[in-house]
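Observations on the three-dimensional arrangement
Okay, here's what each chain looks like letter by letter:
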Amino acid sequence: MARLSNQEGPANQEGRANQEGLSTQASLSRQEGLADWLPGRLAEPHPVITVIGDSILDGWWDGTIERFCREAPAPVVQVQRRDFAPGGAANTAMNLAAMGADVRFVSLVGEDQGGQTLLEQLTAAGVDVSHVVSHAGMTTTTKFRVSSGGQVMLRLDDAADEVPADGLRQVAAAIPQAVRGSSAVVLCDYGSGTLEGAVREAIYEHLGPQGDASEGNGPAIARQDTLVVVDAHYPGRWAQLNPDLATPNAQEAARLLGTEFPGGAARCPFVEAHAEQFLRTSGAAAVVVTLDREGTLTIRPQGEAQKPATHRTWARPQAEKQASGAGDTFVAALTIARAAGLPLTTSVDLAQAAADVVVHRPGTSVCTTDELAKHLRGFADTALTDAELALQVEEHRREGRRIVLTNGCFDVLHRGHTRYLNQAKQLGDVLVVALNSDSSVRKLKGPDRPVNHEADRAAVIAALSCVDHVTVFDTPTPIPLIDLLRPDVYAKGGDYTPEMLQETQAVERNGGIVTILDYVPEHSTTAVLERIRSTGETPQG
């Protein structure tokens, strides 16, 4: 879709942008699975997204170490390369621009070399910096990382001792125009002072939950149709804003609870156990807790007298030592997806995929629309043969990892599927999904199924963060595959008992157990297809 013509007036441009946004939202609101066309679809309407927050300039100095200095037992790094990249809120803005958004950036920087470099790089990336205030009394926060051989040896932080109050007043004055007409506003509060004083007051005035639209003030102009996302070191400070989303990391989530977090794999169950408290203390409609190598856990209300619903993603980490800012990429992708109307669970899955792209790179980087599409496209040919899968499983078993196998048609992926697969993943360390071939689906479901070819089904399933391996089987049952892989757990969804399954004997013969997972009849594929036929809609893609 072409960008708006410069000959149109602002009102017409905003109106057309809103129409395009509504059209995109309508078409994406039922998209439950990831696909390589999604990033391009999200970028098509070029949504206006405003980022307000603390600017940071990240410096990456890399060199070689051949000796120690004479003054102290410290290595001497002979610097060979100096790179600078926007960090903090500026990195979120860079990622949003790279994913197709028209980004307005609101911040406070110094009239120094760091501020100049930051603004130059933001401008070159297409970010609107007209709302950024440059102030002579401000020092642009700069973080220099000195590394050698892929290992960060030292970090030097240069930041302002005090943020000038008149600079904050200038930033506050820029907020009304910056948020007007925005599809989303992201608050990036790193505790450096940019979102204090007059700025904080202006944010509550124009984005807060209180106000009268008829009076033409308060949040009437901006908040009415605007997604508000809070990414803050102290998210509880914005609870009265009642944001649509809060995205704390583990440390920030611990601050919300006022307690210490457990380590490693115990963190996700801990978050789930405190789900209601997270929603209450953050004031958010939904909370996405990012847990680094443990992925993320999304918490949202599920109705009165019911526990909050949760959704888990798994990261695909790599043994890197220098990556920084993957959380900013995650927030950017989550924001543009939700602003486009993509369901929350699918948006979180997409954001996890974007974070997986940048975490494998050194330094501070961004994920572009094309890179995210390529990453998702990479799952298209990932269905393994029996022999390839057996080798992979044996390697996992040698590493002491617990193997979970499940199978199904997974035609027209929906929330019931993703919930089930996330539950299956939690039964072990490696989740293998065996898909019924097209011919076997026709035998099971009838001549008009499957809706999606086995290669497409495999690509969508493989793109889910909870899935480690995908294969396709053509036998009446997966018993030959069970004998080959010898899974520790065989997971099955539905109103079965282990005694009802033909596969149970094979699983137990190979030393495994059968686990029956939740059945979600209201989310069945048949129901989805009936809705499509009744409304005349077709699956996207």
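Residues numbered from 1 in each chain as written. Predicted model: local features only at pLDDT ≥ 70, side-chain atom pairs only at ≥ 80, totals over all residues. Heavy atoms only, no water.

The chain carries the name D-glycero-beta-D-manno-heptose 1-phosphate adenylyltransferase in an unreviewed UniProt entry, which gives Paenarthrobacter nicotinovorans as its organism. Note on the chain: under the UniProt heading Catalytic activity (unreviewed entry), the record states "D-glycero-beta-D-manno-heptose 1-phosphate + ATP + H(+) = ADP-D-glycero-beta-D-manno-heptose + diphosphate". The Pathway (unreviewed entry) field of the UniProt record for the chain holds the comment "Bacterial outer membrane biogenesis; LPS core biosynthesis." (UniProt positions renumbered as here; feature names shortened; annotations may be inferred.)

The subject of this paragraph is the sheet that holds strand β7 (residues 151-158). In spatial order, the strands read β3-β2-β6-β7; together these four strands make up an open sheet with mixed pairing. Both edges of this open sheet fall to β3 (75-88) and β7, since each of them pairs with a single strand only. Neighbouring strand axes in the sheet, compared pairwise and without regard to direction, differ in orientation by 20° on average. In this sheet, β7 lies alongside strand β6 (residues 142-148) in antiparallel orientation, the contact comprising seven bridges. If you follow F144 over to β7, its bridge partner there is L156. (Pairing = 2+ DSSP bridges. Helix = DSSP H or I, 4+ residues; strand = E, 2+ residues; numbered from the N terminus. Axes fitted to C-alpha atoms, helices over the stretch in contact; angles between N-to-C directions.)

Tallied over the entire structure, the rule returns 14 salt bridges. Of the charged contacts in the structure, one is a salt bridge between D36 and R377, with a shortest N-O distance of 3.3 Å. With D36 in the loop between α1 (10-28) and α2 (38-43) and R377 in helix α12 (residues 369-377), this pair connects stretches of sequence that are 341 residues apart. Accessibility expressed as a relative area gives 30% for D36, which makes it partly exposed. Close ionic contact of R486 with E394 constitutes a salt bridge, the shortest N to O distance being 2.8 Å. Here the residue R486 occupies a position in the loop between α17 (479-485) and β20 (489-493), and E394 occupies one in helix α13 (residues 386-398), the gap between them amounting to 92 residues. Ionic contacts of the salt-bridge type, sharing partners, join the residues D189, E196 and R237 into one network. (Salt bridge = Lys/Arg side-chain N within 4 Å of Asp/Glu carboxyl O. Buried < 20%, exposed > 50% of the residue type's maximum accessible area, 1.4 Å probe, protein only.)

A few words now on helix α10 (residues 326-339). Between its first and last C-alpha, α10 extends 20 Å over 14 residues, near the 20 Å set by a 1.5 Å rise per residue. When you tally the buried positions in α10, you get twelve out of 14 residues, the bulk of the element. Among all positions of α10, only A326, D328, T329, F330, V331, A332, A333, L334, T335, I336, A337 and A339 are buried. Directly after α10, the chain includes G341, whose backbone phi takes a positive value near 95°. (Expected span 1.5 Å × (residues − 1).)

Time to look at the environment of G325. You can see G325 is positioned in the loop between β14 (323-324) and α10. Taking the relative accessible area as the measure of exposure, G325 reaches 18% and is therefore buried. Here the alpha-carbon distance between G325 and G363, two residues 38 residues apart in the chain, equals 8.3 Å.

The angle between the axes and the distance between the axes are what describe a pair of packed helices. For the pair helix α7 (residues 250-257) and helix α9 (residues 275-282), the least separation of the axes is 9 Å and the interaxial angle reads 85°. In terms of their interaxial angle, α7 and α9 are classed as roughly perpendicular. Where α7 approaches α9, its residues A253, L256 and L257 are matched on the opposing element by Q277, F278, T281 and S282. The residue makeup of the contact of α7 with α9, split by class, is four nonpolar, three polar and no charged. (Parallel < 35°, antiparallel > 145°, perpendicular 65-115°, else oblique. Contact = heavy atoms within 4.5 Å. Nonpolar A, V, L, I, M, F, W, Y, C, P; charged D, E, K, R; others polar.)

Backbone-to-backbone hydrogen bonds pair the strands of a sheet. The strands run either parallel or antiparallel. The nine strands lie next to each other as β5-β4-β1-β8-β9-β10-β11-β12-β13, forming an open sheet whose pairing is mixed. Here the strands that pair on one side only, and so sit at the sheet edges, are β5 (128-135) and β13 (309-313).

This brings us to unusual backbone geometry. For F410, which is not a glycine, the phi torsion comes out positive at approximately 50°. Relative to the assigned elements, F410 resides in the loop between β17 (403-408) and α14 (415-425). Although it is not a glycine, R486 sits at a positive phi angle of roughly 50°.

With that settled, the discussion passes to the environment of V127. In this structure, V127 sits in the loop between α4 (113-124) and β5. Between the alpha carbons of V127 and R104 there is a distance of 6.3 Å; along the sequence they are 23 residues apart. The contact partners of V127, leaving out residues within four places of it in the chain, are A93, A97, V103, F105 and L122.

In this section: the packing of aromatic side chains. Remark: the centre distance and the inter-plane angle together describe each pair of aromatic rings, the angle taken between the planes. In the structure shown here, the tally under the stated rule is six aromatic pairs. Seen in terms of ring centroids, F84 and F144 are 6.2 Å apart; in terms of plane orientation they differ by 85°. Their pairing is edge-to-face. Of this pair, F84 sits in strand β3 while F144 sits in strand β6, and the two are 60 residues apart along the sequence. For the pair F261 and F270, a centre-to-centre distance of 5.0 Å together with 70° between the ring planes defines the contact as edge-to-face. Residue F261 is classed as buried on the basis of its relative accessible area of 16%. By the ring-pair criterion, three or more aromatic residues cluster together here, those being W61, F84 and F144. (Phe/Tyr/Trp six-rings, centres within 6.5 Å; stacked < 30°, edge-to-face > 60°.)

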